[in-house]
Amino acid sequence: MKKLLALIASSLLAAPLVQAQVETGTTSGQMAMDRARSAPISAGGPTTEATVTVVDGKSMGKEVIVIEEEEKWWSVNVSTGWDSLYMFRGANLLGNGRGIYWVGADVGITPWENGAFTAGVWYATSTSSSREYNELDVFLDYTHSFGPLDASFGWIYYFYPNNFGLGGANINQNELYWALAYNLEVGPVAITPNATYFLNVGPDVNNGGWTKPGASYLLLQIDASASLTDWLALEPWVAYGLNFGFNSRNNGTFWNGGNNFELGLALPFQITSWFGVSPYVAYSYQWEDIVGTDENTWWAGVSANFSF
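First things first, this report covers the structure right here in the doc. The written sequence of each chain sets the order in which its residues are numbered from 1. At least 70 in pLDDT is required for a residue's local features to be given in this predicted model, at least 80 for side-chain atom pairs to be given and counted, and no such filter applies to totals for whole chains, interfaces and linings, which use all residues. Hydrogens and waters are ignored; side-chain quantities use all the structure's heavy atoms.

## A few points about the side chain of Gln173
Argument step 1. Each helix is a run of H or I in the DSSP string that is no shorter than four residues. Each strand is a run of E no shorter than two, and both are numbered from the N terminus. Summarising the element assignment, Gln173 is placed in strand E11 (residues 170-182).
Argument step 2. What qualifies as a polar contact is a pair of N or O atoms within 3.5 Å, subject to a donor-acceptor requirement within protein and to the restriction that residues adjacent in sequence count only when both atoms come from side chains. Within the structure, Gln173 has its side chain in polar contact with the side chain of Glu175 (distance 3.1 Å).

This is the structure we're talking about:
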């Protein structure tokens, strides 16, 4: 009996390398950029990783050595994707049949516990030759975690190299944003209610801006994530936008109040610990006759993310 138990224990301890399940997510700065465009927060690369290794010992049994990877104080994410429409805060910016290809990158550092800085860039170009469009964004973000509550503050700069405003200057815009996100776990489902407030700080439309300084936008969103397998997840979201002089109607007037209701579903799958792909489909309903935008709008897209 003792020999049998010893044999069973020995075979269990001699198992091959076991790797813990890798958590996925995106940096706080990229999440803010995703929220700015009402896009899904897709799966990214690993945030933490633990490895358990079993090695032979010198005694009759086996010796188990547990090696835990130290948490990195830095992160690098590179992503690219395609969207069938460019939906920005409930507005169809380029019109039906015109989507975008885009690429983005960000670097994050964690100088102290529960605090992270992120800096990144995002570039997009239109998929239609009938309407040339290019956009370059730069962003900075700081996020501090208070247990399950994440508080963020950041800046986004938008630049449009082939779009010119009044006076012949390239259209550009500076925004500040503040965000709160609360992370909940309900059984196997992670739920994250979040709110992000964007404030335009210029320049004025007479100096190359695309809307008046002081215009703002509030996005209220609930994201959820449920793991279907070790590598596949289901990520629905629902959002409600509030416009404060930012978007305009087809007749050229601005308003304060409800902007649009949105829901969507992403299906991110992690191919390796550092590479993931996330297709999604989304729907938006707007009731304020937003310029260039149908009352009911469907669109879809896919993104690929590399994280190191």
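The rest of the description comes next.
## A word on a nonpolar patch on the surface
Argument step 1. Like-charged residues are merged into a patch within 9 Å and nonpolar side chains (Val, Leu, Ile, Met, Phe, Trp, Tyr) within 5 Å, provided each residue has over 30% relative accessible area and no salt bridge. Areas reported here follow the Shrake-Rupley algorithm with a probe of radius 1.4 Å; residue values treat only the protein chains shown as occluding. For this document, the term salt bridge refers to a Lys or Arg side-chain nitrogen within 4 Å of an Asp or Glu carboxyl oxygen. A contiguous nonpolar patch, built from Trp73, Trp74, Val107, Ile109, Trp112, Phe117, Trp274 and Phe308 and spanning about 830 Å² of accessible area, is present on the exposed surface.
Argument step 2. Residue contributions to the nonpolar patch peak at 3 residues, all from strand E7 (residues 100-112).
Argument step 3. Within the secondary structure layout, Ile109 lies in strand E7.
Argument step 4. Relative accessibility decides the category of a residue: with a 1.4 Å probe and only protein chains considered, values under 20% of the type maximum give buried, values over 50% give exposed, and everything between is partly exposed. We classify Ile109 as partly exposed; its relative accessible area is 35%.

## Some thoughts on the nonpolar core
Argument step 1. For our purposes a nonpolar core is just a set of buried Ala, Val, Leu, Ile, Met, Phe, Trp, Tyr and Cys residues, chained together by side-chain atoms within 4.5 Å. With 20 residues, the main nonpolar core has Tyr86, Ile100, Trp122 and Ile156 as its most contacted residues.
Argument step 2. Of all the secondary-structure elements, those providing two or more residues to this core are E7, strand E8 (115-126), strand E10 (149-164), E11, strand E14 (216-227) and strand E15 (233-248).
Argument step 3. At 3 residues, E10 tops the list of elements feeding residues into this core.
Argument step 4. The contact partners of Ile100, leaving out residues within four places of it in the chain, are Gly81, Trp82, Asp83, Tyr86, Leu94, Trp122, Ala124, Thr125, Ser126 and Thr127.
Argument step 5. Counting residues in hydrophobic clusters, the runner-up holds 7 residues, among them Leu85, Tyr280, Ala282 and Trp299. Any pair of residues with heavy atoms lying within 4.5 Å of one another is described as a contacting pair.

## A look at the packing of aromatic side chains
Argument step 1. Any two of the Phe, Tyr and Trp rings considered here, Trp counted by its six-membered ring, make a pair once their centres fall within 6.5 Å; the pair's planes then place it as stacked at under 30 degrees, edge-to-face at over 60, or tilted in between. This model, assessed by the stated rule, comprises 29 aromatic pairs.
Argument step 2. Note on Tyr283 and Trp298: the rings are 4.9 Å apart at their centroids and 45° apart in plane angle, and the pair reads as tilted. With a gap of 15 residues between them, Tyr283 in strand E18 (residues 275-286) and Trp298 in strand E19 (residues 296-307) connect regions that are remote in the sequence.
Argument step 3. Residue classification places Tyr283 among the buried residues on the basis of a relative accessible area of 15%.
Argument step 4. An aromatic cluster is built from Tyr86, Phe88, Trp102, Trp122, Tyr133, Tyr158, Tyr160, Trp210, Tyr217 and Phe246, whose rings are joined through pairwise contacts.
Argument step 5. By definition here, charges over rings are those cases where NZ of Lys or CZ of Arg is within 6 Å of the ring centre and within 35 degrees of the ring normal. The positively charged end of Lys72 is found above the aromatic ring belonging to Trp74, 4.3 Å away from the centroid.

## Let's talk about the side chain of Asn243
Argument step 1. You can see Asn243 is positioned in strand E15.
Argument step 2. Only 3.1 Å separates the side chain of Asn243 from the backbone nitrogen of Phe246, close enough to count as a polar contact.
Argument step 3. In this structure the side chain of Asn243 is engaged in a polar contact, spanning 2.6 Å, whose partner is the backbone nitrogen of Asn247.
Argument step 4. Excluding its chain neighbours within four sequence positions, the residues that come into contact with Asn243 are Ser216, Tyr217, Trp255, Asn256, Gly257 and Asn259.

## Thoughts on the environment of Gly301
Argument step 1. With respect to the helices and strands, the residue Gly301 is situated in strand E19.
Argument step 2. Between the alpha carbons of Gly301 and Ser84 there is a distance of 5.9 Å; along the sequence they are 217 residues apart.
Argument step 3. Each residue touching Gly301, except ones within four places of it in the same chain, is listed here: Trp82, Asp83, Ser278, Pro279 and Tyr280.

## Observations concerning the pairing of strand E4 (residues 74-83)
Argument step 1. Paired strands, in this sense, are two strands between which DSSP finds at least two bridges. Looking at chain direction, E4 and E7 are connected through 10 bridges and run antiparallel. Of the residues in E7, the one forming a bridge with Asn77 is Asp106.
Argument step 2. As paired elements, E4 and E19 share 7 bridges and run antiparallel to each other. Bridge pairing in E19 places Asn77 opposite Ser307.

## Observations concerning the pairing of E15
Argument step 1. Across 10 bridges, the pairing between E14 and E15 is antiparallel. Residue pairing for E15: Ser227 is matched across the bridge by Ala233.
Argument step 2. Taking the residues between adjacent antiparallel strands as the criterion, E14 and E15 are bridged by 5 residues.
Argument step 3. As judged from the 11 bridges shared by E15 and strand E16 (residues 254-266), these two strands associate in the antiparallel manner. In the sheet register, Phe244 faces E16, and the bridge partner there is Asn256.
Argument step 4. Taking the residues that link successive antiparallel strands as the turn, the E15-E16 hairpin has 5 residues, and the phi of Gly252 there is positive, at about 90°.

Any functional reading would require information beyond the geometric quantities listed.
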